[in-house]
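Letter by letter, the chains look like this.
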Amino acid sequence: MLCFFPLFCQCSNVLTVNPILTKLQALTKRACKGEMRERMANFRKQVEIVNDVNDDKSLPYTAGLNFMSVMTNEEIANMLTLNRVNISRWDAEQDTEKRRVRREKGEMLKQPSSVNWATRGAFPPVKNQKDCGSSWAFSATTALEGNYFIETGDQVSFSDQESLDCAKELKGTGDGCQGGHMTWSYDYVKTVDRLALEKDFNYVAYDRSCNMKDVPNGLKKARVTGWKQLPQSDSSLLEAAANHVISVGIQTMDTPFSTYRTGIYVCQPDKGCNCQV
């Protein structure tokens, strides 16, 4: 899941929210009173969450207001949902015996004390999925960009739109903006051995029929040969993250995650966070 948060200043615990209010005022021109009440209620709730997080100095992350702060609950759910795929059920349907063997083996190669793929150049600038539930496509594409850099040394930005348009058709599903799974993108790229660059096939925030005719292939120096579902253990996650850029699915509804700004996000059970890898 990807999140993008440009907006807020804090001084003596007083939030400066003029950019958010400007957007909220623009929405009033086309919104009914009931909708605006919901937007304002959600906005006030987000301000409280941001202040609570930033006042808690024990937390290793900070929060901030962003474009989601004035969205309705339905809009947020539509954008963040993985409603086409139940992650827990999908995980259970994998090869459980192989995962059990890997988990019981419990081996972990010696890992470095720290790895920051962002400073090494393996992470491109943060992207914005807008009001399309395409986080699954963005997650996969960003992981592919990172691993492409690790393998080739080339920093590229692949087309999230091609993944959105074409991966769902390979899986025989309908609207990719209604949710999906990162593995759809991996399977698509592996099958067709291609993925356009962002500059050649821009993101439009809605899915269309897959038509990549005359669009050049940006996957020139490396190929996707497969993907691996990690067993549920800290050691496996640590080993994978130390050597690759990985995709992670997180249940984020009704949590402070939508206000995340900087640092290392920590799931808080009392806030309803249920992280699933």
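Just above, that's the structure.
*Asks:* Requested: an account of the nonpolar core, with residues and values cited.
*Replies:* Counting 33 residues, the largest nonpolar core has Leu144, Phe158, Val189 and Met212 as its most contacted members. Of all the secondary structure elements, the ones that give two or more residues to this core are helix 7 (135-152), helix 8 (160-170) and helix 9 (182-192). No other element matches the eight residues that helix 7 contributes to this core. Discounting chain neighbours no more than four positions away, the residues touching Val189 are Leu144, Arg194, Leu195, Leu219 and Val224. Residues Ile49, Val53, Leu59 and Tyr265 belong to the second largest nonpolar core, which totals 12 residues.

*Asks:* A description of the environment of Ala196 should follow, citing residues and the corresponding values.
*Replies:* Considering the arrangement of structural elements, one finds Ala196 in the loop between helix 9 and helix 10 (234-243). Once the C-alpha coordinates of Ala196 and Ser163 are considered, the two residues, 33 residues apart in sequence, prove to be 9.1 Å apart. With residues up to four places along the chain from it excluded, the contact list for Ala196 reads Phe158, Ser159, Glu162, Phe201, Met212, Val215, Pro216 and Gly218.

*Asks:* Any details on the pattern of salt bridges? Residues and values, ideally.
*Replies:* Under the defined criterion, the tally for this structure stands at eight salt bridges. Asp154 is the partner of Lys221 in a salt bridge, and the nearest nitrogen-oxygen pair spans 2.8 Å. Taken together, the residues Lys221 in the loop between helix 9 and helix 10 and Asp154 in the loop between helix 7 and helix 8 connect sequence positions 67 residues apart. Its relative accessible area of 57% is what places Lys221 among the exposed residues. We classify Asp154 as partly exposed; its relative accessible area is 23%. Across the pair Asp165 and Arg208 runs a salt bridge whose closest N-O atoms are separated by 3.4 Å. Of this pair, Asp165 sits in helix 8 while Arg208 sits in the loop between helix 9 and helix 10, and the two are 43 residues apart along the sequence. Overall, Asp165 belongs to the buried group, its relative accessible area being 1%. A single network of salt bridges, built from pairs that share partners, joins Lys127, Glu145 and Asp160.

Calculation rules
Residues numbered from 1 in each chain as written. Predicted model: local features only at pLDDT ≥ 70, side-chain atom pairs only at ≥ 80, totals over all residues. Heavy atoms only, no water. Core = buried A, V, L, I, M, F, W, Y, C linked by side-chain atoms within 4.5 Å. Buried < 20%, exposed > 50% of the residue type's maximum accessible area, 1.4 Å probe, protein only. Helix = DSSP H or I, 4+ residues; strand = E, 2+ residues; numbered from the N terminus. Contact = heavy atoms within 4.5 Å. Salt bridge = Lys/Arg side-chain N within 4 Å of Asp/Glu carboxyl O.

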